[in-house]
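# Close look at the chain arrangement
Next come the chains, spelled out residue by residue.
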Amino acid sequence: MSAEQAATFVKPGMTVAMSGFTGAGYPKAVPGALAKLIGDEHDAGRDFKINVLTGASTAPELDGVLAKAEGMNLRLPYMSDPELRRRINEGNMEYMDIHLSHVAQHAWFGFYGKIDLAIVEVVGVTAEGDLIPSSSVGNNKTWLEMADKVIIEVNSQQSAAMDGMHDVYYGTALPPHRKPIDLTTVRDRIGQKYLNVDVNKIVAVVETDAPDRLSPFAPVDATSEKIADHLLGFLDYEIRAGRLSEKLLPLQSGVGNIANAVLAGLARGGYKGLTAYTEVIQDGMLQLIKDGTIEFASATSFSLSEAGIAEFNKNVDHYRDRILLRAQEISNHPEIIRRLGCIALNGMIEADIYGNVNSTNVLGSHVMNGIGGSGDFARNGYLSVFMSPSTAKDGKISGIVPFASHVDHTEHDTMILITEQGLADLRGLSPKQRAQMIIDNCAHPDYRPLLQDYFDRARKESYGKHTPHLLGEALSWHERFRTTGDMRPAQ
Ligand code: 0RQ
C-alpha cells in the first residue's frame, strides 16, 4: 500500500520502533507520510506525538521530518539529526541516551513499555516469508519480535547483493536463562541470514526506491593526521613490547571525522590481515578492506558517503566475503568484546585531567549525538582509546579541562588519550600520575600552563589528595566560556 495509507496505522501515544543505524537501513517513506499526518492533526488542534525507538541515528527523512512536525514525545537511543538535536536541546521533547548494547535487552525487560508498531526497511522478502535485512541490522530482530504490528518497507535501491551478508542470532534469552554466546572470532556465523517475522503481524508492505543518508566526511586534515600518527606510533610500541601481535586485535572504530581519518591512517601503517569487530563500516574501513589492511570486518551497519556506496556496489563480491552485519546486541555485546579483546577507538568532546571522558554533552548540557556504542567498547575492550583535537571552536574551547562537564566514560574506562599534541598512556598510573601525563602530552600549549596551575594548586589545597580538585573552580572554564565565549581568561 502507499506510505500514506500505512502511516494511518500509527496512533497518538504509540511506541513505534523503527529500523536504522547511523543513517543506514531506516524506513524512507512511512516516516515522511506520518510527519504529514501529524502536521495535519496539529493544524486541526489535535495532539499527536509518538515515542520513537531505533537502532541508532537515522536521517532527515525520519528524525528530521518527525522532529520538524513536533511529532515525538520520546526518542532513543543515539541520534545525529540537526533538527532533532535542536528540539532536544531546547527542552521540547525527551531523549534517552542508552548504551547501544542495552537497547534490545531493556526493551525485552519491559523498561520501555509495550511496542505497538515496528517499521522496518528490508532488501526483500524470501519465498518462505523471511526478510532479507538491509544496510543495517540494528535492533530489527527485537522490533519484529516485540511489536504488535509490523510495517515493512522494501527498498529496491538497496543492493540485492547484500543478501547473505547478515548474521542474525536468535539465541538470546532473558536472565536467568542466558547461555554463553558462542562467537570466538570475528568471522563466526552464529545465526541466520534472514530476519523472521510473524506474517500475521504485517499490516502493510510499502515499496520504496531511495538511497540511504549519504555521510560525507571532512577531508583528512593535519590535526586528524597527527592524531592518527600518534595512534600508529603507539600500536607499533605495543607490538615491540610484545603486548600485541602484528595483526593487532579486532578494531572497533567510532563515528565521526577523527575516527574516519584514523582508519585511513592505519593504511599508511603497513598492516595486513587485521580484523574489525565494530558497529559501523565507514568509508575509511571500506578502504582498508579493499586494500587488504583489514581482512574481515563484523559490524551492524554501513555509514558510507556517495563514493563509498558506489565503491561498495562496484566490488560487492569482494566485500561480501569479508563483511558480516549482525544485530547490535551482538556487535556491541560486552561478553564478546571482552573475549575478542577489541581495540576501542572513539572520538570525544572533552576529557578531564584524570581521564574522565565526555562524549555527549557540550558544556555539560547540550547533547551532541549520544554515547552510541562507545561505552560498550571502552568498558570491555582490551584497549580503550579516546581521541580529539586538543581544542575546539578556533581554540576557544580546550578539549582537556580540569573537570569533565559530563561523564560518559569514567577514568576507569580510559586507557589512552590522544590529541594532535600527543598521546597519554594512562595504564598503570594513579590519578595524580595520569593528570600530569595528560597535561604534558595532550593539552594545547594555550591551556597547558592553566591546567598545570590548577593541578598544582589542587595538590596543595584539595580536601583530599588522592584525586585533587578545587571544587569551586573545577567547572569554571566552562562557565567562563558561557559568559565570555572563550575558556581562556582575558589577558
Ligand atoms: O562541531 O562541526 O559544529 O564544529 O563537535 O567534532 O572534532 O569533528 O569530531 O566528528 O570525531 O565527533 C564526540 C561528537 C566527536 C563523536 C564526537 C564539536 C566540534 C564539531 C564534532 P562543528 P569533531 P568528530 C560508535 C561510537 C559519541 C558516540 C560514539 C561522537 C563537532 O565522536 O558522537 O563514540 N561520539 N560512538 O566543534 C564544544 C567541545 C567540542 C565541541 C568537539 N569540547 N566543545 N564543541 N566539538 N569538541 C558509533 C556509534 O555508536 C553509532
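Everything discussed here concerns the structure shown above.
Every chain begins its residue count from 1, and numbering advances along the sequence as written. Given that this is a predicted model, residues contribute local features only at a pLDDT of at least 70 and side-chain atom pairs are listed and counted only at 80 or more, while totals for whole chains, interfaces and linings are drawn from all residues. Think of the side-chain values as coming from all heavy atoms in the structure, minus any hydrogens and water.

## Overview of the overall build of the chain
- A helix here means a DSSP run of H or I that spans at least four residues, while a strand means a run of E at least two residues long, and both kinds are numbered starting from the N terminus. In terms of regular secondary structure, the chain is built from 17 helices and 26 strands.
- Values of the radius of gyration come from C-alpha atoms, whereas the globule rule sets the reference at 2.2 Å times the count of residues to the power 0.38. Against the globule reference of 23 Å for 491 residues, the chain gives a C-alpha radius of gyration of 23 Å, in line with a compact fold.
- Projecting the C-alpha coordinates of the chain onto the three principal axes gives extents of approximately 70 × 55 × 45 Å.
- The buried share of the chain, reckoned over its 491 residues, is 57%.
- Note on definitions: a residue-residue contact is assigned when non-hydrogen atoms from the two residues lie within 4.5 Å. In the chain, the proportion of contacts linking residues at least 24 apart, taken out of those at least 6 apart, comes to 72%.
- Carbon and sulfur atoms provide 52% of the accessible area of the chain, an area that totals close to 19100 Å². The buried label applies to any residue whose accessible area, calculated with a 1.4 Å probe on protein chains only, is under 20% of its type's maximum; exposed applies above 50%, and partly exposed to all values in between. Under the convention used here, a 1.4 Å probe and the Shrake-Rupley method define accessible areas, while residue burial counts only the protein chains that appear.

## A look at helix 5 (residues 102–109)
- Of the residues making up helix 5, those classed as buried are Val-103, Ala-104, Gln-105, His-106 and Ala-107.
- Where the residues of helix 5 are buried, they touch strand 3 (72–76), helix 6 (140–146) and helix 12 (328–331).
- Two residues or fewer after helix 5 comes Gly-110, characterised by a positive phi angle close to 90 degrees.

## Here's the deal with the packing of helix 9 (residues 283–290) against helix 10 (residues 306–314)
- It is at 10 Å that the axes of helix 9 and helix 10 come closest, and there the two elements cross at 30 degrees. Between helix 9 and helix 10, the angle is such that the two are roughly parallel. In the packing of helix 9 onto helix 10, the handedness of the crossing is left-handed. Contacts between helix 9 and helix 10 pair Asp-283, Leu-286 and Lys-290 from the former with Gly-308, Glu-311 and Phe-312 from the latter. Angles run from 0 to 180 degrees between N-to-C directions of axes, and those axes are lines fitted to C-alpha atoms, restricted for helices to the stretch in contact. Convention used here: angles under 35 degrees read as roughly parallel, angles over 145 as roughly antiparallel, angles from 65 to 115 as roughly perpendicular, and any remaining angle as oblique. Handedness of each helix crossing follows the sense of rotation of the near helix against the far helix: counterclockwise by less than a right angle gives left-handed, clockwise gives right-handed.

## Considerations on the side chain of Ser-134
- Looking at the element boundaries, Ser-134 is found in the loop between strand 6 (131–133) and helix 6.
- On the basis of relative accessible area, Ser-134 is assigned to the buried category, the value being 0%.
- Those residues in contact with Ser-134 that lie beyond four places of it in its chain are Gly-25, Glu-121, Val-122, Val-123, Gln-158, Met-162, His-166 and Leu-325.

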